[in-house]
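Residues per chain, in single letters:
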Amino acid sequence: MPTIQLTANQRDALQNFTNEFETLNALADRNRQKIINLLCENLAEGMTVTEITQMMSITQPAVSHHLKILRQAKLVAFKKRGLQSFYYVTLNKPLEKLEQVLYHLRKNIDTF
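All figures in this text were calculated on a predicted structure; none of them were measured in a lab.

Thresholds, definitions, all that
Residues numbered from 1 in each chain as written. Predicted model: local features only at pLDDT ≥ 70, side-chain atom pairs only at ≥ 80, totals over all residues. Heavy atoms only, no water. Phe/Tyr/Trp six-rings, centres within 6.5 Å; stacked < 30°, edge-to-face > 60°. Lys NZ or Arg CZ within 6 Å of the ring centre and 35° of its normal. Core = buried A, V, L, I, M, F, W, Y, C linked by side-chain atoms within 4.5 Å. Buried < 20%, exposed > 50% of the residue type's maximum accessible area, 1.4 Å probe, protein only. Helix = DSSP H or I, 4+ residues; strand = E, 2+ residues; numbered from the N terminus. Contact = heavy atoms within 4.5 Å. Axes fitted to C-alpha atoms, helices over the stretch in contact; angles between N-to-C directions. Parallel < 35°, antiparallel > 145°, perpendicular 65-115°, else oblique. Nonpolar A, V, L, I, M, F, W, Y, C, P; charged D, E, K, R; others polar.

Would you explain the packing of aromatic side chains in this entry?
The description of two aromatic rings rests on the distance between their centres and on the angle between their planes. Using the criterion set out here, one finds 1 aromatic pair in the structure. One residue, lysine 79, lies across the ring of tyrosine 88, its end atom 5.2 Å from the ring centre.

Looking at this structure, how should I read the nonpolar core?
Considering soluble globular proteins, one finds that nonpolar side chains tend to be buried as a cluster. Leu39, Ile52 and Leu67 are the most contacted members of the largest nonpolar core, which has 19 residues in total. At the level of secondary structure, the elements contributing two or more residues to this core comprise α3 (30–41), α4 (49–55), α5 (60–72) and β2 (84–89). In terms of residue count, α3 provides more of this core than any other element does, 4 residues in total. Not counting chain neighbours up to four residues away, the residues in contact with leucine 67 comprise Ile35, Val49, Ile52, Val76 and Tyr87.

Would you explain the packing of helix α2 (residues 21–28) against α3 in this entry?
Packed helix pairs are specified by the crossing angle of their axes together with the interaxial distance, meaning the distance between the axes. Running from amino to carboxyl end, α2 crosses α3 at an angle of 85°, the nearest separation of the two axes being 5 Å. Between α2 and α3, the angle is such that the two are roughly perpendicular. On the side of α2, the interface is formed by Asn25, Ala26, Leu27 and Ala28, while α3 contributes Arg30, Arg32 and Gln33. Of the residues that constitute the contact of α2 with α3, the class distribution is 3 nonpolar, 2 polar and 2 charged.

Would you take a moment to explain the packing of α3 against α5 for this structure?
At their nearest, the axes of α3 and α5 sit 10 Å apart, and the two run at 80° to each other. For the element pair α3 / α5, the angle class is roughly perpendicular. Contacts between α3 and α5 pair Asn31, Arg32, Ile35 and Ile36 from the former with Val63, His66, Leu67, Ile69 and Leu70 from the latter. Of the residues that constitute the contact of α3 with α5, the class distribution is 6 nonpolar, 2 polar and 1 charged.

Here it is as structure tokens:
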């Protein structure tokens with residue numbers, strides 16, 4: 001099989017895509033998708049870990065683990081109110097970045 005040489009633009013597009021694997025992996029898990037949906041349904045007030053756990057069929061430590069992954073991918077954040085942390089979605093920037101990456105990937109890969 002012959003080796004294909006990528007142009008500089010194609011290499012950049014592929015590199016940008018691989019840089020977003022953390023976001024893509026965070027969104028790939030069904031439990032994290034459900035957490036995102038729950039948080040979207042509660043945009044105004046956010047949700048605590050306890051509230052999320054009550055709506056899920058997984059344990060509190062598992063919910064906390066999934067929230068950590070979503071935070072690392074910058075898909076959710078939290079605010080302290082008293083002793084409790086309220087989680088909320090922060091999807092706009094990561095999704096806008098993914099849209100740009102996919103646009104450039106499509107634009108440059110189509111030239112093969």
